[in-house]
Amino acid sequence: MEKKMAKRKKEDFDWQDEEQEEIIWVSKSEIKRDAEALKKLGEKLVELTKAKLDKIPLEDALLEAVNLAQRLQKEARRRQLQYIGKLLRGMDVEPIQAALEKLENKHQKQQAMLHKLELLRDALVAKGDDALTDFLTDYPHADRQHLRNLIRTASKEKEQNKPAKAYREIFQYLKEIVLED
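Definitions and limits used
- Residues numbered from 1 in each chain as written.
- Predicted model: local features only at pLDDT ≥ 70, side-chain atom pairs only at ≥ 80, totals over all residues.
- Heavy atoms only, no water.
- Salt bridge = Lys/Arg side-chain N within 4 Å of Asp/Glu carboxyl O.
- Helix = DSSP H or I, 4+ residues; strand = E, 2+ residues; numbered from the N terminus.
- Buried < 20%, exposed > 50% of the residue type's maximum accessible area, 1.4 Å probe, protein only.
- Expected span 1.5 Å × (residues − 1).
- Arc of directions from axis to C-beta.
- Contact = heavy atoms within 4.5 Å.
- Lys, Arg positive; Asp, Glu negative; His and termini not counted.
- Axes fitted to C-alpha atoms, helices over the stretch in contact; angles between N-to-C directions.
- Parallel < 35°, antiparallel > 145°, perpendicular 65-115°, else oblique.
- Left-handed = near helix turned anticlockwise from the far one by under 90°.
- Nonpolar A, V, L, I, M, F, W, Y, C, P; charged D, E, K, R; others polar.
- Core = buried A, V, L, I, M, F, W, Y, C linked by side-chain atoms within 4.5 Å.

Focus: the pattern of salt bridges
Side-chain pairs of opposite charge can arise whenever the charged atoms involved come near each other.
Okay, step 1: Summed over the entire model, instances satisfying the criterion amount to four salt bridges.
Okay, step 2: In this structure, Arg78 engages Glu75 in a salt bridge whose closest nitrogen and oxygen atoms are separated by 2.5 Å. Of the two residues, Arg78 and Glu75 are both situated in helix 6 (residues 74-89); the distance of three residues between them amounts to about one turn of the helix.
Okay, step 3: On the basis of relative accessible area, Arg78 is assigned to the partly exposed category, the value being 39%.
Okay, step 4: Given the relative accessible area of 40%, Glu75 is considered partly exposed.
Okay, step 5: Of the charged contacts in the structure, one is a salt bridge between Arg79 and Glu75, with a shortest N-O distance of 4.0 Å. Taken together, the residues Arg79 and Glu75, both in helix 6 and four residues apart, mark about one turn of the helix.
Okay, step 6: A relative accessible area of 48% places Arg79 in the partly exposed class.
Okay, step 7: If you follow the salt bridges from partner to partner, you end up with Glu75, Arg78 and Arg79 in one network.

Below is the structure:
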């Protein structure tokens, strides 16, 4: 009986009938878009590492399907992704999407922090003691003497076109100090 209702046109319904008012019309295109979005969500899950997958709330059947898809290739993988999409259609995906966004956002924040550290390192090498004083006001527990020596060494390496060993050491030291806070 449900198939007949889906095939009838909107105009054929008596909109005064309360039972028929509850019907929400969804186009085939919208259903396909939703299915494709769930398939893409499944692809994101398949691309995650085991450690990241453990942080996402997945039902056992879905987790098994994702683990299997990670081992498959080509056409078998494509079919398994279709199956994962089908499994996702039958469950509440909001907690899964929220956990994925949290993981992706954490990665973006980490990338931004590393970029900020690179800029800080460049400023320390370029400006010397002035930039070091500014840095030490924000992070007073940092070792002034060690950092000053690294900055001087990095400047000398740059002038003499030597490999930038001290330059990388500054970055690692800054990473330790800033991420410790």
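There's more to say after this.
Description of helix 3 (residues 28-47)
Okay, step 1: Compared with the 28 Å implied by 1.5 Å per residue over 20 residues, the 29 Å span of helix 3 between its first and last C-alpha is a close match.
Okay, step 2: Listing the buried residues of helix 3 in full gives Leu38, Lys39, Leu41, Gly42, Leu45 and Val46. Buried residues of helix 3, viewed axially, fall in a sector of 155°; they line one side. Residues of helix 3 that are exposed and point more than 90 degrees away from the buried face comprise Lys32, Arg33 and Glu47.
Okay, step 3: Those residues of helix 3 that are buried are in contact with helix 4 (50-54), helix 5 (60-71), helix 6 and helix 7 (94-127).

So, the side chain of Lys39
Okay, step 1: For Lys39, the position within the fold is in helix 3.
Okay, step 2: Glu36 is the oppositely charged side chain nearest to the buried, salt-bridge-free Lys39, at an N-O distance of 4.0 Å.

Overview of the packing of helix 7 against helix 10 (residues 165-180)
Okay, step 1: Interaxial distance between helix 7 and helix 10 falls to 9 Å at its minimum, and their mutual angle equals 125°. If you check the angle between helix 7 and helix 10, you find them oblique. Considering how the two elements wind past one another, helix 7 and helix 10 form a crossing that is right-handed. Mapping the contact onto sequence places Met113, Leu114, Leu117, Glu118, Leu120, Arg121, Asp122, Leu124 and Val125 in helix 7 and Tyr167, Ile170, Phe171, Leu174, Lys175, Val178 and Leu179 in helix 10.
Okay, step 2: Here the residues of the contact of helix 7 with helix 10 are counted per class, giving twelve nonpolar, no polar and four charged.

What to know about the nonpolar core
Note on soluble globular proteins: their nonpolar side chains tend to be buried together.
Okay, step 1: Core analysis: the largest hydrophobic core is formed by 22 residues, its most contacted members being Leu45, Ile56, Leu62, Ile84, Leu88 and Ile96.
Okay, step 2: Among the secondary structure elements, those contributing two or more residues to this core are helix 3, helix 5, helix 6 and helix 7.
Okay, step 3: Listed in part, the 20 residues of the second largest apolar core include Leu132, Leu147, Ile170 and Tyr173.

Notes on the side chain of Gln80
Okay, step 1: Locating Gln80 in the fold gives a position in helix 6.
Okay, step 2: We classify Gln80 as buried; its relative accessible area is 11%.

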